[in-house]
Amino acid sequence: MASVDECRQALQDLAARLDHNAETVRERIDLDRTLACRITDLDTAFHGRITGGRLVELTDGDDPKAKIALSTSSDDLLALVRGDLDVTGAVTSRRVSIKANPFDLLKLRKLL
């Protein structure tokens, strides 16, 4: 099981990667939504905002009103961010749960 600090760092790494790619995807993806990432085995959460192809305002704690909510285990979160776990396969196998508007899911997939 990964630690809370490892999960926080993984999300910060994801934010950095999205920031690096933001210029190329900004024109193709119009997405401005709040995001909650719930880590089921650690009973913790993080939240932020996806806007302009970037993940910003990332902080500890849940956002129950988030428009996009991702729930997964700590190890699966790290595997997702590293690219060792395919998002589609993880959702299909129920290792990851994403609750969002179907149109937002399509846009989110393009970002990842």
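Residues numbered from 1 in each chain as written. Predicted model: local features only at pLDDT ≥ 70, side-chain atom pairs only at ≥ 80, totals over all residues. Heavy atoms only, no water.

Visitor: Would you mind going over the sheet that holds strand β5 (residues 96–99) in detail, with residue names and values included?
Guide: Here we have 5 strands laid out as an open sheet, ordered β3-β2-β1-β4-β5, and mixed in their pairing. Single-partner strands in this sheet number two, and they are β3 (54–60) and β5. Shown here is a sheet whose adjacent strand axes are inclined to one another by a mean of 20 degrees, direction ignored. Here strand β4 (residues 68–72) runs beside β5; their pairing, made up of 4 bridges, is antiparallel. Directly across from T72, in β5, lies its bridge partner V96. (Pairing = 2+ DSSP bridges. Helix = DSSP H or I, 4+ residues; strand = E, 2+ residues; numbered from the N terminus. Axes fitted to C-alpha atoms, helices over the stretch in contact; angles between N-to-C directions.)

Visitor: Talk me through the pattern of salt bridges; I want residue IDs and the actual numbers.
Guide: Here the structure, examined in full by the defined rule, presents 8 salt bridges. Put simply, R33 and D104 hold a salt bridge, and the shortest N to O gap is 2.8 Å. With a gap of 71 residues between them, R33 in strand β1 (residues 32–39) and D104 in helix α4 (residues 102–111) connect regions that are remote in the sequence. In this structure D104 comes out as buried when scored by relative accessible area, which is 4%. (Salt bridge = Lys/Arg side-chain N within 4 Å of Asp/Glu carboxyl O. Buried < 20%, exposed > 50% of the residue type's maximum accessible area, 1.4 Å probe, protein only.)

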